[in-house]
Amino acid sequence: MNTEKVTARRLTAEEISGLGPQDGIFVSAGTSALPLDCYAPAFLTGPGKNFEGGSFVARTVFGEEVHVLPDNAEEAGIWIADKNGEEIEVLQSAGVLLNLALFVPSGGGESLEALYSAARDAFGAGVVQRWSEEVVAVPDVKIDLYEEPAKARKNANGQNRDRRALDIYPTRVRFLEPSEGWKFVVEPHKEIVDDTPTI
């Protein structure tokens, strides 16, 4: 966890009412699942004047939504950078979560262990974690993926078809969504042959 010391002061509810979503603030970085004794950069989700009589809602740069009653002494409150304030610990980064779908040709347990070991070597042992793993045997073939209107007219000869992704593995289709009002059409892969004469 990477933090840095920032000089800031705690704001009152009246001061926060004058802020907008463009103003950088600091709120508690802790969540119910992960209590942290530091702050995170954040922004109000709307103009401060819109939160009359209730808690202020801020969204941290890490995507967490925080509800704050600034005048409650038991809460961390909302802070703003001020060189005349006091030092607080601000969370700068907390890592990146990647959801990966890997296709390993002729893959088995040894292949997956080799991938895992390589990731641990690159980022450090104890840093890379496997949260869930689904091993599915898939044929080593490719398909052509098209989109066409979900309610196509009869006798339409494919003129409305749009090539969304050509030359794709079948398992990747599970992670794609068609455009609104369109549906996927899957066909066996056909190599594109260029018959253009050359000199």
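Look above for the structure.
What counts and how
- Residues numbered from 1 in each chain as written.
- Predicted model: local features only at pLDDT ≥ 70, side-chain atom pairs only at ≥ 80, totals over all residues.
- Heavy atoms only, no water.
- Helix = DSSP H or I, 4+ residues; strand = E, 2+ residues; numbered from the N terminus.
- Polar contact = N/O pair within 3.5 Å; in protein donor to acceptor, adjacent residues only side chain to side chain.
- Contact = heavy atoms within 4.5 Å.
- Buried < 20%, exposed > 50% of the residue type's maximum accessible area, 1.4 Å probe, protein only.
- Salt bridge = Lys/Arg side-chain N within 4 Å of Asp/Glu carboxyl O.

Here D144 shows up in strand β8 (residues 143–149). For D144, the side chain forms a polar contact with the side chain of H189, separated by 2.7 Å. The residues contacting D144, other than those within four sequence positions of it, are A165, L166, D167, V185, V186, E187, P188, H189 and K190.

Within the element layout of this structure, S55 appears in the loop between β3 (39–44) and β4 (56–60). On the basis of relative accessible area, S55 is assigned to the partly exposed category, the value being 24%. With residues near it in sequence (within four places) discarded, S55 still touches H67, V68 and L69.

With that settled, the discussion passes to the environment of D121. Positionally, D121 belongs in helix α2 (residues 109–123). When the C-alpha positions of D121 and V173 are compared, they lie 31 Å apart, and in sequence the two are 52 residues distant.

Counted according to the given criterion, the structure contains five salt bridges. Between E89 and K5 there is a salt bridge, with its nearest N and O atoms 2.6 Å apart. Residue E89 is found in strand β7 (residues 86–93), and its partner K5 is found in strand β1 (residues 2–10); the two are separated by 84 residues along the sequence. Under the relative-accessibility criterion, K5 is labelled exposed at 53%. Between R9 and D82 there is a salt bridge; the shortest N-O distance is 2.7 Å.

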